[in-house]
Amino acid sequence: MGKIIAFANQKGGVGKTTSAINIAAGIGLIGKKTLMVDCDPQGNTTSGVGVRKSAIHATTYDVIIGRARAEQAIIKTEFDGLYVMPTSMPLAAAEFELADLEHRESRLRDALAPIKDAYDYIIIDCPPSLGLLTINALTASDGVVIPMQCEYFSLEGLSQIMMTVKQVKKLYNPTVSLSGILITMYNGRLNLSVSVLDELKKYYADKLFATAIPRSVRVSEAPSYGQPIQYYDKRSSTAIAYNEVARELTERI
């Protein structure tokens, strides 16, 4: 049975989409069939795996509002084992349309149910907010990965997303759990980074991934070429780190 994992954090700029892309690519490289669901209206996951707008026939938006079936929206990427359900800016309107729909919090879960077992892993990239799209993603998921930077504002954001996961677990999805906290853009030479990581280890030692993702120019360049870091620069420290996290995530789920 396939496992669904949401990448969520309402704070923007923490490497959420970058991590979702590169971990999904890493899972694909170890022979697992992986689907990425782009649930962020910005569509960075879609462009980050090289999908052109001309190739898109249906989107996550169409699937959520019931205009298309999930299988009609899925595109095979050029990367090993990696598929994507793309999105575009109209997905932003789904927040408003969902408010008037029946079972609005479970639309994505219901849409993914028929295809869940066709994939080993389904990775959902959530928008940087705690609105209905994120609630839909959490309701559909077996686990949640929270990417975050080693900054004090990120600690506050972590508390908020943890509370949201707890509420979704109580109200909509009793089986969802925290799969892990992923440190991104880590610089061990900065006292602040070390201090925040030490603080996280006090309270979430069992939830932190063993590998932190180092800050890297190369991983910032890769999306402009429509490639995960493993294909843009497979020997980079960031590519190696994401592959290690991908392996650890498959062991945890």
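Since this is a predicted model, take the numbers as computed values, not measurements. (Residues numbered from 1 in each chain as written. Predicted model: local features only at pLDDT ≥ 70, side-chain atom pairs only at ≥ 80, totals over all residues. Heavy atoms only, no water.)

Caption draft 1: Local environment of the packing of aromatic side chains. Evaluation of the coordinates by the stated rule reveals three aromatic pairs. Look at Phe79 and Tyr231: their rings are 4.7 Å apart centre to centre, the planes differ by 50°, and that puts the pair in the tilted class. Taken together, the residues Phe79 in the loop between β3 (75-76) and β4 (82-85) and Tyr231 in helix α11 (residues 229-232) connect sequence positions 152 residues apart. Owing to a relative accessible area of 1%, Phe79 belongs among the buried residues under this scheme. (Phe/Tyr/Trp six-rings, centres within 6.5 Å; stacked < 30°, edge-to-face > 60°. Helix = DSSP H or I, 4+ residues; strand = E, 2+ residues; numbered from the N terminus. Buried < 20%, exposed > 50% of the residue type's maximum accessible area, 1.4 Å probe, protein only.)

Caption draft 2: Main features of the pairing of strand β5 (residues 121-125). Counting buried positions along β5 yields five of five residues, so the element is predominantly enclosed. Side-chain alternation along β5 places Tyr121, Ile123 and Asp125 on one buried face and Ile122 and Ile124 on a second face that is also buried. In this structure, strand β1 (residues 3-7) lies alongside β5, joined through five bridges in parallel fashion. The residue of β5 that forms the bridge with Ile5 is Ile123. By the bridge criterion, five bridges tie strand β2 (residues 34-38) to β5 in an arrangement that is parallel. Within β5, the residue paired with Asp38 across the bridge is Asp125. (Pairing = 2+ DSSP bridges.)

Caption draft 3: Spotlight on helix α9 (residues 191-204). Taking 1.5 Å of rise per residue, 14 residues should cover 20 Å, and α9 covers 20 Å from first to last C-alpha, within 8% of that figure. Where the residues of α9 are buried, they touch β6 (143-148), α8 (152-171) and β7 (177-183). (Expected span 1.5 Å × (residues − 1). Contact = heavy atoms within 4.5 Å.)

Caption draft 4: The nonpolar core, seen in detail. The biggest cluster of nonpolar side chains holds 51 residues, and the ones touching the most others in it are Leu35, Met85, Leu108, Leu112, Ile122, Ile124 and Leu200. Tallying contributions element by element places helix α7 (residues 132-140) first for this core, with six residues. The residues touching Leu108, leaving out its near neighbours within four places in the chain, are Cys39, Ile64, Ile124, Asn136, Ala137 and Ala140. (Core = buried A, V, L, I, M, F, W, Y, C linked by side-chain atoms within 4.5 Å.)

Caption draft 5: Structural view of unusual backbone geometry. In this model, His103 sits at a positive phi of 50°, which is unusual for a non-glycine residue. Positioned with a positive phi, Met185 is a non-glycine residue whose angle comes to about 50°. Tracing the backbone through its elements, the reader meets Met185 in the loop between β7 and α9.

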